[in-house]
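Residue-level structure breakdown
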Amino acid sequence: MKRSRTGNASAILKESERIGEQLFPAPIATPHQRERKAETMRLDKKVALITGAAAGIGRETALLFAAEGAAVVVVDINDREGQETARIITAQGGQAVYVHSDVSRAADCETMVRAAERQFGALHVLFNNAGIMHQADDNALTTEEEVWDLTMAINLKGVFLGCKYGIPALKRAGGGAIINTASFVALLGAATPQIAYTASKGGVLALTRELAVVHARENIRVNALCPGPLHTELLMKFLDTEEKKQRRLVHIPMGRFGEAKEMAQAALYLASDESTYVTGSSFTVDGGITAAYVTPE
Ligand SMILES: NC(=O)c1ccc[n+]([C@@H]2O[C@H](COP(=O)([O-])OP(=O)(O)OC[C@H]3O[C@@H](n4cnc5c(N)ncnc54)[C@H](O)[C@@H]3O)[C@@H](O)[C@H]2O)c1
């Protein structure tokens with residue numbers, strides 16, 4: 001199907017801005033960028049699969065990738081919101097398909113990769129982003145085994161399974177980029193514990209490094225994205241009082257939570273050909289939290 005990519009990009013970006021968090025001060029793209037031709041789009045002719053794309057980082061990345069020319073496979077278990085992500089993209093003339101897949105299940109991961117190839121002919125970018133932070137995840141003494149197992153199944157095994165079925169597809173496409181969402185808590189210990197979540201994200205970093213080395217000569221790059229504390233549903237449902245928010249904010253040099261859109265911009269860099277010499281990295285986008293010993297005030 002032929003479509004006007006310049007027009008699509010403009011419309012998708014407008015929709016993205018409408019539904020996005022307004023705290024993010026800079027627009028996704030300048031008017032000049034929106035008028036670019038398809039050839040200069042950063043993901044022109046690429047097919048990207050994004051897990052956890054019904055909300056937060058995943059949705060913002062799906063909208064941005066589509067605006068940059070990618071055909072997007074939107075993966076989630078939240079069918080209503082996942083379909084909504086795909087609808088926003090296609091309503092504006094972009095290419096997207098929603099696939100229900102639970103990343104903790106091997107058969108589902110196989111299905112989502114097969115759907116990408118069947119629908120769009122190839123897979124070039126795999127963003128293993130789906131994750132949970134369980135309400136009952138606490139310290140080692142109080143966390144139940146079931147909470148540990150569920151967190152590991154989604155946050156860590158989900159990334160492994162995405163790669164298990166995604167890497168053969170990237171090879172068939174002649175190479176590509178994998179981005180695995182970890183977290184700043186994989187790099188720093190926190191006195192507000194969430195032991196299973198923290199361990200799962202540490203595992204994502206270790207997994208990412210090894211995959212990067214093993215597949216480096218197959219034209220496959222593998223990087224981890226380490227977001228700082230974000231203004232998304234996942235964290236905000238825990239930080240439901242001003243006191244809880246301040247306990248976190250005091251550690252962030254910038255003095256604010258990050259936005260999902262800011263993570264999408266980082267994912268775009270790691271997915272695009274601008275990062276062709278970047279692999280095995282733990283790419284922190286964290287408002288300076290991992291650099292801080294004391295904060296400005
Ligand atoms: N929000 C933060 O502060 C923060 C910080 C660091 C890292 N992260 C990580 O970023 C990623 C995205 O987080 P977010 O803030 O956008 O969260 P979010 O809760 O807004 O979105 C997560 C999405 O993943 C989906 N999901 C959950 N379980 C799934 C499964 N088994 N299979 C498929 N999809 C599933 C959810 O339905 C949801 O749409 C997660 O891996 C999270 O751990 C978040």
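Each value, and the rule that gives it
- Residues numbered from 1 in each chain as written.
- Predicted model: local features only at pLDDT ≥ 70, side-chain atom pairs only at ≥ 80, totals over all residues.
- Helix = DSSP H or I, 4+ residues; strand = E, 2+ residues; numbered from the N terminus.
- Buried ≥ 20, exposed ≤ 12 C-beta atoms within 10 Å, placed from the backbone.
- Axes fitted to C-alpha atoms, helices over the stretch in contact; angles between N-to-C directions.
- Parallel < 35°, antiparallel > 145°, perpendicular 65-115°, else oblique.
- Left-handed = near helix turned anticlockwise from the far one by under 90°.
- Contact = placed C-beta atoms within 7 Å.
- Nonpolar A, V, L, I, M, F, W, Y, C, P; charged D, E, K, R; others polar.
- Pairing = 2+ DSSP bridges.
- Near = placed C-beta within 6 Å.
- Right-handed = clockwise from strand over helix to strand, strands pointing away.
- Expected span 1.5 Å × (residues − 1).
- Core = buried A, V, L, I, M, F, W, Y, C linked by C-beta atoms within 7 Å.
- pLDDT = per-residue confidence, 0-100.

All right, on to the overall build of the protein chain then. Each helix and strand in the protein chain was counted, giving ten helices and seven strands. Residues classed as buried in the protein chain amount to 44% of the 297 residues present.

Our next topic: the packing of helix H3 (residues 56-67) against helix H10 (residues 260-271). Relative orientation of the contacting elements H3 and H10 amounts to 55 degrees, with a least axis distance of 8 Å. In terms of their interaxial angle, H3 and H10 are classed as oblique. Where H3 crosses over H10, the two elements pack in a sense that is right-handed. Between H3 and H10, the residues in contact are Gly56, Ile57, Glu60, Thr61, Leu64 and Phe65 and Ala260, Lys261, Met263, Ala264, Ala267, Leu268 and Ala271, respectively. The class makeup of the residues in the contact of H3 with H10 is nine nonpolar, two polar and two charged.

What follows deals with the sheet that holds strand E3 (residues 96-100). The seven strands lie next to each other as E3-E2-E1-E4-E5-E6-E7, forming an open sheet whose pairing is parallel. Because the sheet does not close on itself, it has two edges, and the strands there are E3 and strand E7 (282-285). Going across the sheet, the axis of each strand differs from the next one's by a mean of 20 degrees, ignoring polarity. Looking at chain direction, strand E4 (residues 125-128) and strand E5 (residues 176-181) are connected through four bridges and run parallel.

This brings us to the environment of asparagine 139. Of note, asparagine 139 is situated in the loop between E4 and helix H6 (145-172). Along the sequence, asparagine 139 and threonine 192 sit 53 residues apart, while their C-alpha atoms lie 8.5 Å from each other. Asparagine 139 has contacts with Pro193 and Ile195, leaving out every residue within four places of it along the chain.

In this section: the site of the ligand. The full set close to the ligand counts 28 residues, and Gly52, Gly56, Gly131, Thr232 and Leu234 are the nearest of them. Those elements that place two or more of their residues in the shell around the ligand are H3 and helix H8 (233-236).

Right, let's talk about the environment of alanine 206 for a bit. Mapped onto the elements, alanine 206 comes out in helix H7 (residues 195-214). Measuring from C-alpha to C-alpha, the distance between alanine 206 and serine 282 comes to 9.7 Å, with 76 residues separating the pair along the chain.

A separate point is the pairing of strand E6 (residues 220-227). E6 sits mainly inside the fold: eight of its eight residues count as buried. As judged from the six bridges shared by E5 and E6, these two strands associate in the parallel manner. Paired with alanine 177 across the two strands is arginine 221, which belongs to E6. You can see the chain leave E5, run along H7 and come back into E6, and the turn it takes is right-handed. With four bridges joining them, E6 and E7 adopt parallel strand pairing. Of the residues in E7, the one forming a bridge with leucine 225 is phenylalanine 283.

Note: most residues except glycine have negative phi, and most peptide bonds are trans. Here the phi dihedral of lysine 45 falls at roughly 70 degrees; this positive angle occurs in a residue that is not glycine. Tracing the backbone shows lysine 45 in the loop between helix H2 (31-34) and strand E1 (47-51). Backbone geometry at asparagine 219 places phi at a positive 60 degrees, although glycine is not the residue there. Counting through the fold element by element, asparagine 219 comes out in the loop between H7 and E6.

Here we come to H10. Look at H10: 16 Å from first C-alpha to last across twelve residues, which is about the 16 Å you get at 1.5 Å a residue. With respect to burial, H10 is a largely interior element, ten of its twelve residues being buried. Regarding H10, the residues found buried are Ala260, Lys261, Glu262, Met263, Ala264, Ala266, Ala267, Leu268, Leu270 and Ala271. Next to the buried residues of H10 lie E1, H3, E4, E5, E6 and E7.

Turning our eyes to something else, we now look at the nonpolar core. Ranked by size, the top nonpolar core spans 74 residues in total, and within it Ala48, Leu49 and Val72 carry the most contacts. When sequence neighbours within four positions are dropped, the list of residues in contact with alanine 48 reads Leu43, Phe65, Ala70, Val72, His124, Val125, Phe127 and Ala271.

Scored by pLDDT, the protein chain has a mean of 90; 88% of the residues are at 70 or more. Note that pLDDT drops below 50 for residues 1-7; the model gives that stretch ten contacts with residues more than four away or on any other chain. Low pLDDT, under 50, characterises residues 15-33; the stretch is placed with 25 contacts to residues that sit more than four places away or in other chains.

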